[in-house]
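Notes for the structure review
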Amino acid sequence: MRAGIILTIAAMSMAGCAGPRSQTPANAAVAPPPAWRTALGPGEPIRADWWAAFGDPVLTRLIERALANNPDLSSAAARVEEARATERLSRAQLSPNISGGFGGSESRALNPFGVGQNSLGAEPTIEASYDLDLFGRLRAANAATRAQILASEGARDTVRLGIVSSVATGYITLRALDSRLIVARSTLAARGEGLRIARRRAETGYTSRLELHQAEGEYHATEQLVPQAELAIARQENALGVLLGDVPAPIARGVALEKLATPAIPDGLPADLLRRRPDLYQAEQTLVASDRSLDSARRAFLPSIGLTGSVGLVLSNLLPNPVTVFSIGGSILSPIFDGGRLRAQQGIAVSRRDQAAFAYRRTALNAFREVDDSLAGVLRSGQQAVAFAGQRDALAAALRNASNRYRAGYSSYLDQLDTQRGLLTAELALVQARADRLNAYVTLYQAFGGGWSVADVQNVQR
């Protein structure tokens, strides 16, 4: 299983992180799947993706509710809208700035003949200014904000994938707790029957009261497992309710834990599928944004050329006709001495670019580690489940033999008691192993950024 994935870390890591200028990968514009890029509107159906492979429609409906109502996802979507508004503000700086004004005046003056004369005047004007941006300073800043939008979308998709995985894991845990409760209740019933037999044998004098007290102790030891499981179920339901964006309430159940499907993992999953991961996409776009910000900081050293102009009318009762006034001009501003502000800003941009490059590499390495851990978890937890199932079957057969021998008087009660304890431990361990295996599948799907399909594998291999 571990050899089935092609790990080519050089294809995803940054080769020149410590150089004077980081180069983004050639396929840096590749985005996660369109299903993670589609905004969820009110009442819009959500397409079931990898979670449908478990074959439980109840799990699918729970995930749909979580994606529609979870407050963390709504907050992440709001941050995307904030980034888009910031990009619109940055893009507006590339357009001319036009403003208008209106001024009026009233005055009274004496002419040379000593006669007073009132004058009324008005001056409507329109002013325009435009930065030519010959050296691309504003365009580089706008490119940085566009990359920040993509990075914020990657952050939103990371939250979305985390919510889906948390709901799936929480539901599997809930079904495992249900199975633990079933095991506890069935064992309690068996212990109750054993207690009834031990009490009857003690009352008839066939055995000592030692066996009766031992049976009572084992019954009460099993009895406490029932409220313990019920408490864990209530807490797990409340935790799932928070993920669904609802108040605490009972959670619907679907397929039993042992009936949940375990999809087959195809051999030779290529490492390029990791580019579906939204956290890797976010780190990639953060690197692009920091690189464009560095370009903008460097171009701030170059001159800034701007054009200004205004046009207006002078209206007055002293003038027979309005007077048109206008002006046009230009300016070239270049930094001469700023106390090192621009150079400090460039240094900040360089440091942030390098941090983003190392963060991208760290995210890629972590992605490979998570995939390898998940593959190992699926394999080893499956082996554990098989071993625990064999142990459970063997102990169940041993318990039948021990019970028959005890009723026939060929063995002591301790033989039956020890076998009952071992069977209970094996059954609980089997439930946990099955849950661990299913959760390992969820982790593997999450590590690949939302699973895979046969078409994905074939396209990447081609």
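It should be emphasised that the depicted structure is a prediction, and the values quoted were computed from it without experimental measurement. Position labels on residues start from 1 in each chain and follow its written sequence. Per-residue local features of the predicted model are confined to residues with pLDDT of at least 70, and side-chain atom pairs are confined, for both listing and counting, to 80 or more; whole-chain, interface and lining totals are unaffected and use all residues. Values shown for side chains rest on all heavy atoms present in the structure; no hydrogens or waters enter the calculation.

What about the overall build of the protein?
Each helix and strand counted, the protein has 9 helices and 4 strands in total. In this text, helices come from DSSP runs of H or I with a minimum length of four residues, and strands from runs of E with a minimum of two, each type numbered from the N-terminal end. The N-to-C order of helical and strand elements in the protein reads α-α-β-β-α-α-α-α-β-β-α-α-α. Exposed residues in this analysis have more than 50% of their type's maximum accessible area, buried residues have under 20%, and partly exposed residues fall in between, with area computed by a 1.4 Å probe over protein chains only. Residues classed as buried in the protein amount to 39% of the 462 residues present. Pairs of residues are marked as contacts when any of their non-hydrogen atoms sit within 4.5 Å. Once local pairs closer than 6 in sequence are excluded, the contacts in the protein between residues at least 24 apart make up 81%. Approximately 24600 Å² of the protein is accessible, and the part contributed by carbon and sulfur atoms is 57%. In these tables, accessible area is a Shrake-Rupley quantity obtained with a 1.4 Å probe, and a residue counts as shielded only by the protein chains included in the view.

Quick look at the packing of aromatic side chains
Note on ring pairs: Phe, Tyr and Trp rings are taken, using the six-membered ring of Trp, and paired if centres are within 6.5 Å. Classes follow the plane angle, with under 30 degrees stacked, over 60 edge-to-face and the rest tilted. Under the counting rule described, the total for this entry stands at 1 aromatic pair. Ring plane angle 80° and centroid distance 6.2 Å describe the contact between Phe54 and Tyr445, whose orientation is recorded as edge-to-face. Remark: Tyr445 occurs in helix 8 (residues 413-447) and Phe54 occurs in the segment before helix 1 (57-69); sequence separation between them is 391 residues. Phe54 sits in the buried class, given a relative accessible area of 1%. A relative accessible area of 5% means that Tyr445 is categorised as buried.

Let's talk about the packing of helix 4 (residues 209-223) against helix 8
Interaxial angles span 0 to 180 degrees and are taken between N-to-C directions of axes, which are lines fitted to C-alpha atoms, for helices over the stretch in contact. Interaxial distance between helix 4 and helix 8 falls to 11 Å at its minimum, and their mutual angle equals 10°. With respect to their mutual orientation, helix 4 and helix 8 come out roughly parallel. Contact with helix 4, carried on its side by Glu211, Gln214, Ala215 and Glu218, involves Tyr413, Leu414, Leu417 and Arg421 of helix 8 and no other residues of that element. Following the grouping adopted for this structure description, the nonpolar residues are Ala, Val, Leu, Ile, Met, Phe, Trp, Tyr, Cys and Pro, the charged ones are Asp, Glu, Lys and Arg, and the polar ones are all others, Gly among them. Looking at the contact of helix 4 with helix 8, its residues break down into 4 nonpolar, 1 polar and 3 charged. Angles below 35 degrees are treated as roughly parallel, those above 145 as roughly antiparallel, those between 65 and 115 as roughly perpendicular, and all remaining angles as oblique.

Details of helix 4
Multiplying 1.5 Å by the residue count of a helix minus one yields the expected span of that helix. Between the first and last C-alpha of helix 4 there are 21 Å, a value that for 15 residues agrees with the 21 Å anticipated at 1.5 Å per step. Considered for burial, the residues of helix 4 that qualify are Glu211, Leu212, Ala215, Glu218 and Thr222. Relative to the axis of helix 4, the buried residues are bounded by an arc of 130° and lie together on one face. The reported arc concerns the directions from the helix axis to the C-beta atoms and nothing else.

A short note on the side chain of Gln236
Among the structural elements, Gln236 can be located in helix 5 (residues 225-243). Contacts of Gln236, omitting those with residues within four sequence positions, involve Gly170, Thr173, Leu174 and Leu177.

Regarding the pattern of salt bridges
Salt bridges are identified by distance alone: a Lys or Arg side-chain nitrogen within 4 Å of an Asp or Glu carboxyl oxygen. A complete count under the given rule lists 16 salt bridges for this structure. A salt bridge links Arg191 to Glu218; the shortest N-O distance between them is 3.3 Å. A residue pair is termed long-range when its members are at least 10 positions apart, and Arg191 in helix 3 (residues 137-203) and Glu218 in helix 4 qualify at 27 residues. Both residues of the pair, Arg191 and Glu218, count as buried. With a closest N to O distance of 2.8 Å, Asp279 and Arg277 form a salt bridge.

Points about the packing of helix 7 (residues 341-408) against helix 8
Where helix 7 contacts helix 8, the axes come no closer than 7 Å and their chain directions differ by 160°. When the interaxial angle is binned, helix 7 and helix 8 end up roughly antiparallel. In the packing of helix 7 onto helix 8, the handedness of the crossing is left-handed. Tallied by class, the residues present in the contact of helix 7 with helix 8 amount to 22 nonpolar, 12 polar and 7 charged. Note on convention: near helix rotated counterclockwise from far helix by under a right angle means a left-handed crossing. Clockwise means right-handed.

What about the nonpolar core?
The set of buried Ala, Val, Leu, Ile, Met, Phe, Trp, Tyr and Cys residues whose side-chain atoms join them within 4.5 Å is what this entry labels a nonpolar core. Among the nonpolar cores identified, the biggest contains 53 residues, and Trp50, Phe54, Leu62, Ile63, Val167, Ile172 and Leu257 are the most heavily contacted of them. Mapped onto this core, the elements with two or more residues apiece are helix 1, helix 3, helix 5, helix 7 and helix 8. Here this core gets 14 residues from one element, more than from any other, and that element is helix 3. Once residues within four sequence positions are removed from consideration, Leu62 is found in contact with Val167, Tyr171, Leu244 and Ile251. The next biggest cluster of nonpolar side chains, apart from the first, holds 8 residues, and it includes Ala198, Leu212, Tyr406 and Tyr413.

What about the confidence of the model for the protein?
Caution applies to low-pLDDT regions: their predicted coordinates should not be interpreted in detail. Within a predicted model, pLDDT stands for the predictor's per-residue confidence, ranging from 0 to 100. Model confidence for the protein is summarised by a mean pLDDT of 75, while 68% of its residues fall at 70 or above. Taking the mean pLDDT of every element in the protein, the minimum, 59, falls on helix 9 (residues 454-461) and the maximum, 93, on helix 5.

So, the environment of Arg392
If you trace the backbone, Arg392 turns up in helix 7. Spatially, the C-alpha atom of Arg392 lies 8.5 Å from that of Leu424, the residues being 32 residues apart in sequence. Contact partners of Arg392, with chain neighbours within four places excluded, come to Leu423, Ala426, Glu427, Leu430 and Arg434. Within the structure, the side chain of Arg392 is placed 2.8 Å from the side chain of Asp393, a separation counted as a polar contact. N or O atoms within 3.5 Å of each other form a polar contact, as long as, within protein, one can give a hydrogen and the other can take it, and as long as residues adjacent in sequence are counted only when both atoms are side-chain atoms.

Points about the environment of Arg180
Along the chain, Arg180 turns up in helix 3. What makes Arg180 partly exposed here is its relative accessible area of 27%. Remark: the alpha-carbon pair of Arg180 and Glu427, spanning 247 residues in sequence, is separated by 8.3 Å. Setting aside chain neighbours within four positions, we find Arg180 in contact with Leu428 and Val431.

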